[in-house]
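# Structural features, examined
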Amino acid sequence: MFVQSSMRFLLCSLSMLLLLQCSPPSQVNMSFNRRTFVKDWRDEVIYQIVVDRFADGDPNNNFNVDLRKEAAYHGGDWQGIIDKLGYLDDLGVTALWISPVVRNVEEDAGFASYHGYWTQSFIDTNLHFGDLAALQRMVDACHQRGIKVILDVVTNHIGQLFYYDINRNGQPDIVFFGGGGPGSGSQNSDQASDLRRASEWDPEYDSRGVQAFTALGENGLAPVEWVEMPEINRTPPEPVGFQNPNWYNRKGRVTVWENEAQASFEYRREQEIKGDFPGGLKDLATHRSDVRQALTEVFAYWIQEAGFDGFRIDTLKHQEAGFFDVFSSNIRKFAHDMGKNNFLMFGEAFDGNDELLGSYTHGEGVDSVFYFSAYYRVFMNVFAQGGPTTGIKALFEERRAKLSEPSIVSETVDRVCKLACAKASESDPRCATGFNACVETLTNEGLERYSMGTKYLGPTNAEGLPLSPSQLLINFLDNHDVPRFLYSATPALNADESNQAHEQKIAIGHQRLRSALAYLLTIDGIPCIYYGTEQNFSGGPDPSNREDMWRSGFSQQGETYLYMKQLIKLRKELPALRRGTVNFVWTSDEQAHRQSSVAHPPVQGAGLLAFERSTAEQTVLVVINSNDPDLTASEQAPRLDVSVNNEGQGMKVSFPPNTKLKDLLDPSSTQEFTVNASGELIVSLPPRSARVLVLAE
Amino acid sequence: MQDILTFYVRRLLSRIFYFFLCLLSWNFVVQAFLIASSPRAFADQSLNTSKSKPKFFFGSYGRVGFSSNPQGGEGYRHQVTAYAPRLIEDNYLELDLGYHAYRGKHAQVDVITTLSAFDQFFHYNGQADAQIAIRRAYVEAKRIGGSSLWASLGSRWLRGNDIYLMNFWPLDDLNTMGLTLGHQGQQHDFWVHAGVSRLNHRSQTQYVNVPSATNFGAESVLMLNRQRLILASLYERRYKIGSQSKTAGWKWKLYSEYHALPSGKETLEGSFTEQRTLPDDAGLVAGIQLGVWGLAHQANHLNLWARYAKGLAIYDELGTPQAMANDRRSWSAQEWRLALAGNWQIDRKGLLSLQWGSYIRHYQDADAIKVDYDDRLEGSAVIRPQLNLKGFFTPAVEASAQWSQAQGSHPVDLSTKAAQIYQFAFIPALSFSRAQINAYSRPQLRLIYAVSLLNDAALARYAQADPRAQHTVSHYLGARAEWWFGRGGGY
């Protein structure tokens, strides 16, 4: 002890000579980061970042970086995000969804794990992006600016960490047996047997579990063999509990999508839930209580250690809804106990079926989902392809109808009121006059607000009242799993065309993007922007849609950037755009005009969309013209620039007659629009543009 | 814009520094000639102008031994600081072969070579090969033209005083291929050196297969050819202590280095046309040493060093930077060292001598991260009392400490605790010398028992699966021999 003290004294004394400090390094204040930063998730604008592709703030973690390969690591990291927070702040986004942080298998079949979805350790960071301290610093830096951080988590599977030893020879093989059967080229047709082939890394689905087989026939369940290849981090999963083979379904890769039409719904769901994800990603047995508990603990760890404000959950569709009842409620409680109320969990179910999407939000399931229905029916069909705008209205009406079904309403109201009255000590206003009064009140008022159940300790509005999944839907134009919006919306380029023609098509794509953005940032739900959208990134399907952000130079002067910035600003300034009800005042059954379509002459009023967002204090009218410019029309007949139908009638709005409105999306404009005596508004609106109209002062 | 400005300001500063270095060096050279041409310059030097027969000479340094840990495996050392007590160290051998090529009125010229062998000895591993290196191969001419000037050219080291107990030269330890011009006098020494190195590392050397110009297939061409230029200078001033003393004295020394690496093009893997630019880089060292020796006993001495290094120069001419700034330069890295070492023989017969060494160092790498696990404030101290019994039995004990405080938290467990190692050793030894035995008498045969105590933060520096990470108390039992004799060449 004396020796230690003396030595420490000596060393500290020497260090004082150098005017250096002996004190431990400063750390991120985690008590600050473990508190609640969100008042109402509808106020947030989410910005999705694929960390590897956003910004390289620390070249020293650029291990195995190869910028020439789309599927290699490119060097982005958490320090890069810290460095670019000024850019994000200027754009106005308020929450970041970052790609997974956990340590991954480095590579597989020439593809790298830059995306982060190939978990090897649930509790270590991926050092390509930084260490735990760097992650803490990044989250802290975001919180200091009021930016929330959402973590992408994978609960369905791990990386390709084991193989099925189908031929029981103790090494991973591509297994072949048989000659291919009669007529398949075998030299001895009398004795020819069927050809059987299996990759031990990624065998096809078998309901019984992947079977071993040898020349003598099947040989029971194929043993699970963990691999130890530390040079590419293909080592058994951590924590060690995940090394239990029984924690995996072990049925092989989903194949049903290849013949989806011929499979029953039940069999398709069985494969999706119990099969390995394509790429040999081994499916966790999430029906087991011990697996559920372990997954809860490892992901609670990241809230505890890094202070995340929400989870984006990968591949919902591949897990039992019951899993999320347990996982989500436990995570919610953990976050709450730690000081994080309003912890948001939304999931990705790659499906345009509202009912399927909604099923994951039932009970204590996730708080919300990516709204793939809107992706397909609104952004792709209407804004990219020019489909009728009535499709948008129909989407809303179908959802409302579904949510208003008496059984759902009564079940939901019953549940909400039980929860409200169970928390009597917290004086929930809905239960102020008792349970029956609560049921009556909720049944009679806007049911959508309470539809599909709110969650115990789930997201609330600024007043602390629970928000329902249908109020928290995550809207998006595109993300890392689908082609960029511009890829889908830009008229196809032809190699034989001139550069001028190419530029014209690209310009049209940009205009279509901006009208889609006008919708995204003014409709209800939570808008989610994929990084690079503001820079007109236009990559096709994965991996082309994961471009390096730094190639844009992080320009803050681009037209799309400025347009998006203005829309976000308006969304922040106008509460009705964030929390107001939606009332469609103009849609059309007709296809929008497409500049490239000669056979489809423009129809008056087609391609126009108008809706009001209203709160008790404010109504905002959003008008969007999704038509392309009619380059074939004469200047004297700009038939596409007014929102009237074929009979010359304008749209009926809720504003009183003679109300004057002004456009906030174009702050330089002094033009005013007056509601006529019939309560109609005729708005001049150039193609591919939008107006956000409010009462003129 | 700011980056560009910073870059040019930095370049300008580098150039100014370089200019002053050259000026200083030139000044030294001019002074050297002035001193050398002075009739008093070598008044007390016995310049042997008579012709003597050329002769070979041989010298060696070596350390070799074996050891065991409690499990019967080879013993190992624990280290959490950049430099640590050398008690438990690898085997190593140097063989010097030199030739007095010329002894005449124009100069004394030696050819000196040193062959080094690293750790892998046949009788231990059964491998009939060795890791060998040619460390020195140079010609050195002294007393050029009858003056006190000297010059050397070739591959060599230029070293000052070390901390023996750590095998560590805190100020000057330069290893290059280059030219040195110097002056060696009774009271003044100085030299200037210009050398280069091109490490066989991807950042400096890259051979790439390209289509052959005249034949089928590929030929390998040197595509990346980045030499590090190293300019160094030293000035040392010595003073006698007391008029009677023949051996006691003190000195001060100034030392500097300037390192420059030009920009280059790295060819990307799998290509011979795609390249990326590697930016130029630079570094410098400036330091001072105060030393006193010969008080009470010939072997007594005390040295104090202070050294500041920046950029490339921190990483040694045989190393490459560990962390870069976003512009992929190391210039913004900084290092401070302060070291103190000495030996004190308690009585004239050398019954008890006390050796010690210590240093403290602050290192900040070049990356933009201010709170960084790679940045360190660290120090180490070691003390070794040694007895001299019967003129050859020299038992000793040694106590040492290592302390390393990372400036960021641990990457995994976020601990901010300083890594610490305390080591205690008992070293019964036999030392032999024709002169009176002291702490540096060699050859020496020693037995070593050492116990090391590691705290959790020290263990956390090892990979989880590393057996060394498993024990907070580590034992070492070893037997080692060390020798040096007949070392040729200056510095």
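Residues numbered from 1 in each chain as written. Chains lettered and ligands numbered in written order. Predicted model: local features only at pLDDT ≥ 70, side-chain atom pairs only at ≥ 80, totals over all residues.

Helix and strand content of chain A: 18 helices and 26 strands. Relative to its 697 residues, chain A shows a buried fraction of 48%. (Helix = DSSP H or I, 4+ residues; strand = E, 2+ residues; numbered from the N terminus. Buried ≥ 20, exposed ≤ 12 C-beta atoms within 10 Å, placed from the backbone.)

The helix and strand inventory of chain B stands at three helices and 23 strands. Here chain B holds 491 residues, and 36% of them are scored as buried. Long-range contacts, defined here as pairs at least 24 residues apart, represent 63% of the contacts in chain B between residues at least 6 apart. (Contact = placed C-beta atoms within 7 Å.)

Residues and elements named next belong to chain A. Take Glu547: it is sitting in the loop between strand S18 (526-530) and helix H17 (559-573). C-alpha separation for the pair Glu547 and Gln557, spaced 10 residues apart in sequence, amounts to 20 Å. In contact with Glu547, not counting residues within four places along its chain, are Arg53, Gly532, Phe537 and Gly539.

Our next topic: the pairing of strand S2 (residues 95-98) of chain A. Residues and elements named next belong to chain A. The side-chain alternation of S2 yields two buried faces, one formed by Ala95 and Trp97 and the other by Leu96 and Ile98. Bridge count for strand S1 (residues 46-49) against S2 is four bridges, and the pairing is parallel. Within S2, the residue paired with Tyr47 across the bridge is Leu96. Across four bridges, S2 lies against strand S7 (residues 148-153) in parallel orientation. Across the sheet, Ala95 pairs through a bridge with Lys148, a residue of S7. (Pairing = 2+ DSSP bridges.)

Turning to the sheet that holds S1(A), a few remarks are in order. All names here are of chain A. The parallel open sheet is built from eight strands, whose spatial order is S16-S15-S14-S7-S2-S1-S18-S17. The open sheet has two edge strands, strand S16 (368-369) and strand S17 (474-476), and neither has a second partner. Note: S17 against S18, three bridges, orientation parallel. Within S18, the residue paired with Asn475 across the bridge is Pro527.

With that settled, the discussion passes to H17(A). Residue and element names in this part refer to chain A. Along its 15 residues, H17 runs 21 Å from first to last C-alpha, staying within 8% of the 21 Å computed at 1.5 Å per residue. Taken together, the buried positions of H17 are occupied by Tyr561, Tyr563, Met564, Leu567, Ile568, Leu570 and Arg571. Contacts made by the buried residues of H17 are with helix H5 (85-91), helix H16 (499-520), helix H18 (575-579) and strand S26 (689-695). (Expected span 1.5 Å × (residues − 1).)

Here the residue pair A:Glu238 and A:Pro239 is connected by a cis peptide bond, since its omega of 0° sits within 30 degrees of zero. In this structure, the amide linkage connecting B:Arg442 to the following residue, B:Pro443, adopts the cis form with an omega of 10°. On the secondary structure map, B:Pro443 appears in the loop between strand S21 (429-431) and strand S22 (444-454). Phi angles above zero are rare outside glycine, and A:Leu457 is one such case at about 65°.

Before going further, it helps to examine the sheet that holds S26(A). Residue and element names in this part refer to chain A. The six strands lie next to each other as S19-S20-S21-S26-S23-S24, forming an open sheet whose pairing is antiparallel. Since the sheet does not close on itself, it has two edges, and those belong to strand S19 (581-586) and strand S24 (672-674), each with one partner. On average, adjacent strands in this sheet sit at an angle of 30° to one another, irrespective of strand direction. As paired elements, strand S21 (residues 619-625) and S26 share five bridges and run antiparallel to each other. (Axes fitted to C-alpha atoms, helices over the stretch in contact; angles between N-to-C directions.)

Before going further, it helps to examine the environment of B:Glu89. All names here are of chain B. As for its placement among the helices and strands, Glu89 is situated in the loop between strand S1 (56-68) and strand S2 (92-103). Its 16 C-beta neighbours within 10 Å are what place Glu89 among the partly exposed residues. Setting aside its immediate chain neighbours within four residues, Glu89 contacts Arg63, Arg77 and Asn167.

So, about the packing of helix H11 (residues 372-384) of chain A against helix H12 (residues 390-403) of chain A. All names here are of chain A. Here H11 crosses H12 at 170°, and the two axes come no closer than 9 Å. Regarding the angle of H11 to H12, the classification is roughly antiparallel. Viewed along their axes, H11 and H12 form a crossing whose handedness is left-handed. Along the contact surface, H11 presents Ser373, Ala374, Arg377, Val378, Asn381 and Val382, while H12 presents Gly391, Ile392 and Leu395. Tallied by class, residues from the contact of H11 with H12 come to five nonpolar, three polar and one charged. (Parallel < 35°, antiparallel > 145°, perpendicular 65-115°, else oblique. Left-handed = near helix turned anticlockwise from the far one by under 90°. Nonpolar A, V, L, I, M, F, W, Y, C, P; charged D, E, K, R; others polar.)

Turning next to the nonpolar core. A:Tyr47, A:Ile49, A:Leu96, A:Val369, A:Phe379 and A:Ala610 are the most contacted members of the largest nonpolar core, which totals 156 residues. If one sorts the elements of this core by residue count, H11(A) sits on top with nine residues. Ignoring sequence-local partners within four residues, the contact set of A:Val369 consists of A:Leu316, A:Phe346, A:Gly347, A:Ala349, A:Leu357, A:Tyr360, A:Thr361, A:Leu473 and A:Ile474. B:Leu158, B:Ala282, B:Ala341 and B:Ala457 belong to the second-largest nonpolar core, a separate cluster that totals 51 residues. (Core = buried A, V, L, I, M, F, W, Y, C linked by C-beta atoms within 7 Å.)

With that settled, the discussion passes to helix H6 (residues 132-144) of chain A. Counting along an α-helix, one turn takes 3.6 residues, and residues three or four places apart therefore face a common direction. All names here are of chain A. Relative to the 18 Å expected for 13 residues at 1.5 Å per residue, H6 spans 18 Å between its end C-alpha atoms, a close match to the ideal helical length. Within H6, 10 of the 13 residues are buried, which leaves the element mostly enclosed by the surrounding structure. Those residues of H6 that sit buried are Leu132, Ala133, Ala134, Leu135, Gln136, Arg137, Met138, Val139, Cys142 and His143.

We now examine the pairing of strand S14 (residues 310-313) of chain A. Looking down a regular strand, the side chains alternate between one sheet face and the other. Residue and element names in this part refer to chain A. Every second residue of S14 is oriented toward a common face, with Gly310 and Arg312 on one face and Phe311 and Ile313 on the other, all of them buried. Sheet analysis places S7 next to S14, joined by four bridges and oriented parallel. Bridge pairing in S14 links Val153 to Ile313. In terms of strand pairing, S14 meets strand S15 (residues 344-347) through four bridges, oriented parallel. Its bridge partner being in S15, Gly310 is matched across the sheet by Leu344.

Turning to the domain arrangement of chain A, a few remarks are in order. Residues and elements named next belong to chain A. As far as domains go, chain A holds domain 1 (30-156 + 286-404 + 451-572), domain 2 (162-274) and domain 3 (574-695). With 26 residues of domain 1 at the interface, the matching set in domain 3 holds 30 residues. Residue assignment for the side of domain 1 that touches domain 3 shows that the elements contributing at least two residues are H11, H12, H16 and H17. Looking at the side of domain 1 that touches domain 3 element by element, the count peaks at seven residues for H16. A per-class count over the side of domain 1 that touches domain 3 returns 11 nonpolar, eight polar and seven charged. (Domains from an automatic or database assignment.)

Low-confidence regions, as indicated by low pLDDT, have predicted coordinates that should not be scrutinised in detail. Residue and element names in this part refer to chain B. The share of residues in chain B with pLDDT of 70 or more is 88%, and the mean pLDDT across the chain is 89. Contacts for the low-pLDDT stretch residues 29-50, under 50 throughout, to residues beyond four places or in other chains number 25 contacts. Model confidence for the complex: the whole-complex pTM is 0.85, and ipTM, which rates the interface, is 0.78. (pLDDT = per-residue confidence, 0-100.)

Below, the discussion takes up the environment of A:Gly339. Mapped onto the elements, A:Gly339 comes out in the loop between helix H9 (321-338) and S15. Residues within four places of A:Gly339 in sequence aside, it is in contact with A:Arg34, A:Arg35 and A:Thr36.

In this section: the packing of H11(A) against H16(A). All names here are of chain A. Following both chains from N to C, one finds H11 and H16 inclined at 140°, their axes separated by 10 Å at the closest point. The angle between H11 and H16 places the two elements in the oblique class. Viewed along their axes, H11 and H16 form a crossing whose handedness is right-handed. Residue-level contacts link Val378, Phe379, Phe383 and Ala384 of H11 to Arg512, Ser515, Ala516 and Tyr519 of H16. The residue makeup of the contact of H11 with H16, split by class, is six nonpolar, one polar and one charged.

Taken residue by residue, chain A gives an average pLDDT of 87. The fraction at 70 or more is 86%. The model gives residues 9-22 of chain A a pLDDT under 50, and that stretch makes 19 contacts with residues more than four places away or in other chains.

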